[in-house]
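# Chain and residue survey
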Amino acid sequence: MQADGTPDPGDDALVFTGANPSRAQRLLALGVVPGLLLLVFCTVRPFSAVQLRPVEAFVPFYVTMMFATDVIIAVILFSQFSIVRSRALLVIANGYVFAALILVPYILAFPGLFEPGRALIGGLQTTAWLYILRHCGLAGFICTFAVLNRTATDMHLRGGVRRSIFLSICGTTAIVLALATLCIAEHSMLPTTAVDDVHFSGGWLYYAGLPIASLYSLAVILLWPRRHTVLGLWLLVVAFVHLVAVPLSFFPSPSRFSVGWYTVVVINLIANSLVLIVLLVEISNLYPRVMLAVRAQRREREARLVTGDAVAAMIAHEVKQPLAAMITRAETGLQRLDQSVPDIAKAKQDIMKIVGDGHRAAGIIDSIRANFKKDGRVRTGMDINHLIRETTDVISDDLDKRRIALEIETGAASLVVTGNRTQVQQVLLNLIANAADSMAADEGDRILTVRSQLVENDEVLVSVADTGKGIDPQDLDRIFNPLFTTKTDGMGMGLSICRSIIEAHGGSIWVTPNNPKGAVFQFTLSLETG
Ligand code: ADP
């Protein structure tokens, strides 16, 4: 659910009532059920008027079952409404509330159920009219559902879900109370439909048969286009079952406890239970889907956190070097100014280098941001030999301090490659810094060699070789992995950044042992063509 109360598109996974029914469901609803119904109809129709013995426990059993299934269906539909807040779902949930509630006065008014020979409340016409009103009401709710349940008209309710449900149930209960009061208190005023506790009059056809059949026919017509959703399909089945039940129990001489009457009651029960079973099956199918969605969401959140950590580490790693350089240069500059005869010219050079470092740090941040924007990868032609010299100049002071001899071997005067200048410089700086670190503890010659050469006509190979401690063979597979480090103050991001930069440039990067000792990191870039 979104902040403004409208449903989230992701909520669709939780709303099975609007989902497409499975093939098996469609076959059952549009093939098996109507087929069986037709079979029952043809078998029972010739005997429908045959009067059977009244089974006393049958009515309370039937009414209790209908009440229970109606209430459970209503609860499931309300829970679906609370997710999508569709008016159509609220209406149909209330349809089932209506159907359930009206059964209470119906059973209390049923003749001979609580007291022999008479009803607890109301008169002869009460149960007959409550039966008519129950069916007309339910059919009315189904028709309203079918009309509202179209994308254009089914407006989603804003505001509190509980409030909407509470108010709608209050409204439905008020309608049931009003109808029940009318049927109980004014039963003598109601048109005659029942002639005694068992038989119905000719008026039954006009007051019950015609309106019920017309409303369920309308419901079938309106629901036909909605048969592509689970709820639409099964409400269609319900409307169809009630429609077929009309000629079974209403003709030729309608009466309670006839073969037709018993058949219709059983069919109604089966239809209601079928809807309930389908909804319950859909709910149980929903749980694995929700579990998968929750797991996927959790994984995504964790991945985002890891990415966030990696990005933070990347920024810290990359910006640390120019910041450290700026601090060293600023300290040197201050020392030069603090001398008895201040060396202003050299201090000025230091300050200019600080400015350069500042620009480099800003460039690094820009290039990291550009990495995350698809359109931000600016590629230009650049002379890699020039860039090597420029980059080694940047850290030449540092190399001097660490007693590292620098050798630059470029195969040609200029080699123009295509790429992002700041990013390629980052790669060189990372590789050189690592090489310097690996030689830090070495008492012998410390030689750093940076080479460039043209290979296979359209590729330039750049290598950074050192005479340091080399790489443990067991670490070879993982040194390019993010967060892998063997240094106490390392972040393990440098080589991972180098690899992502080089691969984003269409090149590759790898490491081999140096001879006689140390490591050689090599990467390729495309030569600029044309
Ligand atoms: P960090 O420098 O923060 O440790 P890197 O991703 O740059 O992260 O390097 C990962 C690891 O690879 C280092 O901790 C080190 O063990 C190894 N490594 C990188 N460059 C070299 C090198 N030139 N010589 C030896 N080991 C190296």
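These lines cover the structure that appears in this document, whether it is placed above or below. Fair warning: this is a prediction, and the values are worked out from it, not measured in the lab. (Residues numbered from 1 in each chain as written. Predicted model: local features only at pLDDT ≥ 70, side-chain atom pairs only at ≥ 80, totals over all residues. Heavy atoms only, no water.)

### Quick notes on the sheet that holds strand E4 (residues 447-455)
One open sheet holds the five strands; their spatial order is E2-E4-E5-E7-E6, and the pairing between them is mixed. Of all strands in the sheet, those bounded by a partner on one side alone are strand E2 (405-410) and strand E6 (509-513). Strand-to-strand twist across the sheet, computed as the mean angle between neighbouring axes with direction ignored, equals 15°. (Pairing = 2+ DSSP bridges. Helix = DSSP H or I, 4+ residues; strand = E, 2+ residues; numbered from the N terminus. Axes fitted to C-alpha atoms, helices over the stretch in contact; angles between N-to-C directions.)

### A short note on the nonpolar core
Residues Leu77, Ile92, Tyr96, Ile142, Trp234 and Leu235 are the most contacted members of the largest nonpolar core, which totals 89 residues. Contacts of Leu77, omitting those with residues within four sequence positions, involve Thr17, Leu89, Ile92, Ala93, Tyr96, Leu231 and Leu279. If you look at the next biggest cluster of nonpolar residues, it comprises 43 residues, including Met382, Ile404, Ala436 and Leu525. (Core = buried A, V, L, I, M, F, W, Y, C linked by side-chain atoms within 4.5 Å. Buried < 20%, exposed > 50% of the residue type's maximum accessible area, 1.4 Å probe, protein only. Contact = heavy atoms within 4.5 Å.)

### Some remarks on the site of the ligand
Around the ligand sit 18 residues in total, of which Asn434, Thr485, Thr486, Lys487 and Met491 are the nearest. Backbone polar atom of Gly492 to an oxygen atom of the ligand: 2.9 Å apart, as the coordinates give it. Computed on the free molecule, the ligand has an accessible area of 530 Å², of which 96% lies beneath the protein chains in the complex. Elements supplying a minimum of two residues to the shell around the ligand: helix H13 (421-439) and helix H14 (494-504). If one sorts the elements of the shell around the ligand by residue count, H13 sits on top with three residues. By residue class, the composition of the shell around the ligand is eight nonpolar, eight polar and two charged. (Near = heavy atom within 4 Å. Polar contact = N/O pair within 3.5 Å; in protein donor to acceptor, adjacent residues only side chain to side chain. Areas by Shrake-Rupley, 256 points an atom, 1.4 Å probe, with all protein chains shown as cover. Nonpolar A, V, L, I, M, F, W, Y, C, P; charged D, E, K, R; others polar.)

### Things to note about the packing of aromatic side chains
Taken as a whole, this structure holds 12 aromatic pairs when the rule is applied. When the ring of Phe98 is compared with that of Phe141, the centres are 5.6 Å apart and the planes differ by 45°; the resulting orientation is tilted. Remark: Phe141 occurs in helix H5 (residues 126-148) and Phe98 occurs in helix H3 (residues 87-101); sequence separation between them is 43 residues. Residue classification places Phe98 among the buried residues on the basis of a relative accessible area of 2%. With 6.2 Å between their ring centres and 70° between their planes, Phe480 and Phe521 make a pair best called edge-to-face. Here the residue Phe480 occupies a position in the loop between strand E5 (459-465) and H14, and Phe521 occupies one in strand E7 (residues 519-526), the gap between them amounting to 41 residues. Residue class for Phe480 comes out buried when judged on its relative accessible area of 8%. (Phe/Tyr/Trp six-rings, centres within 6.5 Å; stacked < 30°, edge-to-face > 60°.)

### Thoughts on the pattern of salt bridges
Pairs can form between side chains of opposite charge once their charged atoms are near each other. Using the criterion set out here, one finds 13 salt bridges in the structure. With its nearest N and O atoms 2.6 Å apart, the salt bridge here joins Glu409 to Arg451. Pair noted here: Glu409 is in strand E2 and Arg451 is in strand E4, with a separation of 42 residues, a long-range link. Since its relative accessible area comes to 35%, Glu409 is described here as partly exposed. Where Arg478 meets Asp475, a salt bridge forms, and the shortest distance between an N and an O atom there is 2.9 Å. Ionic contacts of the salt-bridge type, sharing partners, join the residues Arg329, Lys353, Asp357, Arg360 and Asp397 into one network. (Salt bridge = Lys/Arg side-chain N within 4 Å of Asp/Glu carboxyl O.)

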